[in-house]
Structures are given as structure tokens and as C-alpha cells.
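# Chains, contacts and geometry: an overview
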Amino acid sequence: MITIIGRGHSGTRAISHTLYASGVYMGQSLNPSGDLVPPHAMYDACRIFARYVDWQGGLRWDFSRAHAADIPARFLRLLESYLHSVLAHGGARKGWKIPETTLIYPWLTRLYPDMHYIFWIRNPRDCIIGSHKTDDLRDFGIQYPVPCENEADPQKAQTNERLRRAISWKYQYDLVKSMPKPQRWIEVRFEDFVTRQEEQLQRLEAFLDMPLARIVMRQDTIERWRRDTGVNYFDFLEPAMRAYNYELPPNPSPNMNEGLSNKERSSP
């Protein structure tokens, strides 16, 4: 089996569409983004996992309880319900994609240690320009320093919303990096898939041991942050951006605390 790990708006639809065009069974019902739907059982499974994550204040989460805990039976039932069409399919090549899979990644690797994991990453500055279901981690039971809400100034309101998305990006990045990589693991930058598609497809073909279809990729899907007029960078993104060779802004970024309420600055 194959699954794709990566936060929403990381360009994961490109690899989902590639796998589908290559004859990989990606589930009975897919939306235009290539997500396996309906997603509700997966969402509920994510909320169960979140109960085992301890927020330590600020942008720190302790995942040790989740790594050590026995996986609850209800979680298994929900996951199997969501993946029913994939698990029941008799083909040799099958998988699925939905960004929320990232929120249960540690338990997934314990349940499916031999699965092929494709970690799809994109410049967070592009990721946080658009909205996604995982923007507000509270929807999945995850605590974090919530930016000020109901801001009257439109510019400040937009900055606060993007701060929320950037925190979600960091949480999911930290979660993935909190454990050793599974045996079958590959990382692909969306930007490389757009600009050097053939090179990246050859890497993926070697990883999956199968030929892959070539789909049309638009060059204007990358570096949208250059044309964006709002705040799209926060200083806590710097380590991950350096690790993946993304360009850092020359000027200082906004202080994250400027978008937080007094209560959230000192929580928990």
C-alpha cells in the first residue's frame, strides 16, 4: 500500500493524481483534490489520537504518550471504516490520500510498518496563503496558542489567520519528525516536482518499483508567496525552511505573540 503524508495545501493532489493515472487504486470515491472521501471517520480517528498529545505551552507538544500508548480499539474501527474500500480491494497496488492522515501518522506506521510513505512537503509560505480544514487544530482536539479572534482590523485579522495556519504547519511537521522514519519512506518537495518532474518521477518509480504516469504541472503553482501582499512568514518556521532549502525573508518577521491574546501567551 501507499499513503501520502503532508499538510493540506502542500500540493499533495499532484501525487494523488499521478498515482491514480498510473493505475494505483486510490479508493472508491475521490474528491477533485484526490482525497479519499467521505472523511468523517478519519477526522474522528484524528481526534482520538489527539488525546495522547500533551501541549507544553507555546509551540511545544510532547508526543511521547502517543508513541507509547496502546492503540485504542475505537481508533482501529474508525480507520478501517475510512479505508474500507482500499483494504477490501484485491489489487496489488493501492493506497489513499487525505492531508488529515498526517495527524495520525505515528500510529499508522505502527499498524502498517511495511507501507510506502510519501512525505510531500511545500514551502510553508505558500501553504498558509490558502485555508484548509486543519487550519484550526482545535477542530481535531489539539491544543495550541490560539491567535486573537474577532479582530476588527482586516489586515490584522488576516495575519492572525495565517499565524493559525503556520502553527498548524509546524505542529504537523514536528509530529512527523518526532519519530524514526519507517522502512519505506521518501520525501519530495512540491517545488521540485513542478520544476524537475521527470527527475522526481524517476526517484518515485525506483521507490515504488513501478512506472508512473506524467501529468501536466503548472509552473504558477509554486512561489505564490512572492505575489502575495500579506504576512506569509513567521520566525518559528525558520528551522524547517532551512532544512528544506527554502528561501528565508531578508527582513525580521512579525513576533508571534503580537497575534495572541494575553491568556494564550502564558498558557498553559
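Residues numbered from 1 in each chain as written. Predicted model: local features only at pLDDT ≥ 70, side-chain atom pairs only at ≥ 80, totals over all residues. Heavy atoms only, no water.

## Side note on the packing of helix H2 (residues 40–50) against helix H4 (residues 73–82)
Rule in force here: Inter-axis angles, ranging from 0 to 180 degrees, are taken between N-to-C directions of lines fitted to C-alpha atoms, where helices are fitted over the stretch in contact. Labels follow the DSSP assignment, with helices taken as runs of H or I lasting at least four residues and strands as runs of E lasting at least two, numbered in each case from the N terminus. Every angle not falling under 35 degrees, over 145, or within 65 to 115 is termed oblique; those three ranges are roughly parallel, roughly antiparallel and roughly perpendicular. By definition, any crossing whose near helix is turned counterclockwise from its far helix by less than a right angle is left-handed, and any crossing with a clockwise turn is right-handed. The contact definition used throughout considers only heavy atoms, calling two residues in contact when any of these lie within 4.5 Å. Three residue categories are used. Nonpolar comprises Ala, Val, Leu, Ile, Met, Phe, Trp, Tyr, Cys and Pro, charged comprises Asp, Glu, Lys and Arg, and polar comprises the others, including Gly.
Remark: H2 packs on H4, axes separated minimally by 8 Å, with the N-to-C direction vectors making an angle of 155°. By the angle between their directions, the pair H2 and H4 is classed as roughly antiparallel. Crossing of H2 against H4: the hand is left-handed. On the side of H2, the interface is formed by Ala41, Met42, Asp44, Ala45 and Ile48, while H4 contributes Arg74, Phe75, Leu78, Leu79, Ser81 and Tyr82. Its residues assigned to classes, the contact of H2 with H4 comprises eight nonpolar, one polar and two charged.

## Focus on the sheet that holds strand S1 (residues 2–5)
Cut-off, in case you're wondering: When DSSP finds two or more bridges between two strands, those strands count as paired.
Reading across the sheet, the four strands line up as S4-S1-S5-S6 and stay open at both edges, with parallel pairing between neighbours. Of all the strands in the sheet, the pair left with one neighbour each is strand S4 (95–97) and strand S6 (185–189). Ignoring which end each strand starts from, the neighbouring axes of this sheet average 20° apart. Where S1 and S4 come together, three bridges link them in parallel fashion. Paired with Thr3 across the strands is Trp96, a residue of S4. Against the sheet, helix H10 (residues 197–208) contacts S1, strand S5 (116–121) and S6, and its axis sits at roughly 165° relative to S6.

## Quick look at the packing of aromatic side chains
Heads up, the rule is: Pairing of aromatic rings covers Phe, Tyr and Trp, the last counted by its six-membered ring, and requires centre-to-centre distances within 6.5 Å; plane angles under 30 degrees mean stacked, over 60 mean edge-to-face, and any other angle means tilted. Think of it as a cone above the ring: NZ of Lys or CZ of Arg counts as a charge over the ring if it is within 6 Å of the ring centre and within 35 degrees of the ring normal.
This model, assessed by the stated rule, comprises 13 aromatic pairs. Counting every residue linked through ring pairs, the aromatic cluster contains Phe49, Tyr52, Phe75 and Trp107. The ring of Trp225 has Arg125 sitting right over it, with the charged end atom 3.9 Å from the ring centre.

## Re the pattern of salt bridges
Defined as follows: Whenever a carboxyl oxygen of Asp or Glu lies within 4 Å of a side-chain nitrogen of Lys or Arg, that contact is scored as a salt bridge. Classification of residues uses two cut-offs on accessible area relative to the type maximum, computed with a 1.4 Å probe and protein chains only: under 20% is buried, over 50% is exposed, and between them is partly exposed.
Under the criterion given, the structure shown has 24 salt bridges. Across the pair Asp135 and Arg165 runs a salt bridge, and its minimum N-O distance is 3.2 Å. Here Asp135 is found in the loop between helix H7 (124–127) and helix H8 (154–177), whereas its partner Arg165 is found in helix H8, with 30 residues between them in sequence. With respect to class, Asp135 is no different from Arg165; both count as buried. Linked through salt bridges whose partners overlap, the residues forming this network are Arg7, Asp135, Asp136, Arg138, Glu161, Arg164 and Arg165.

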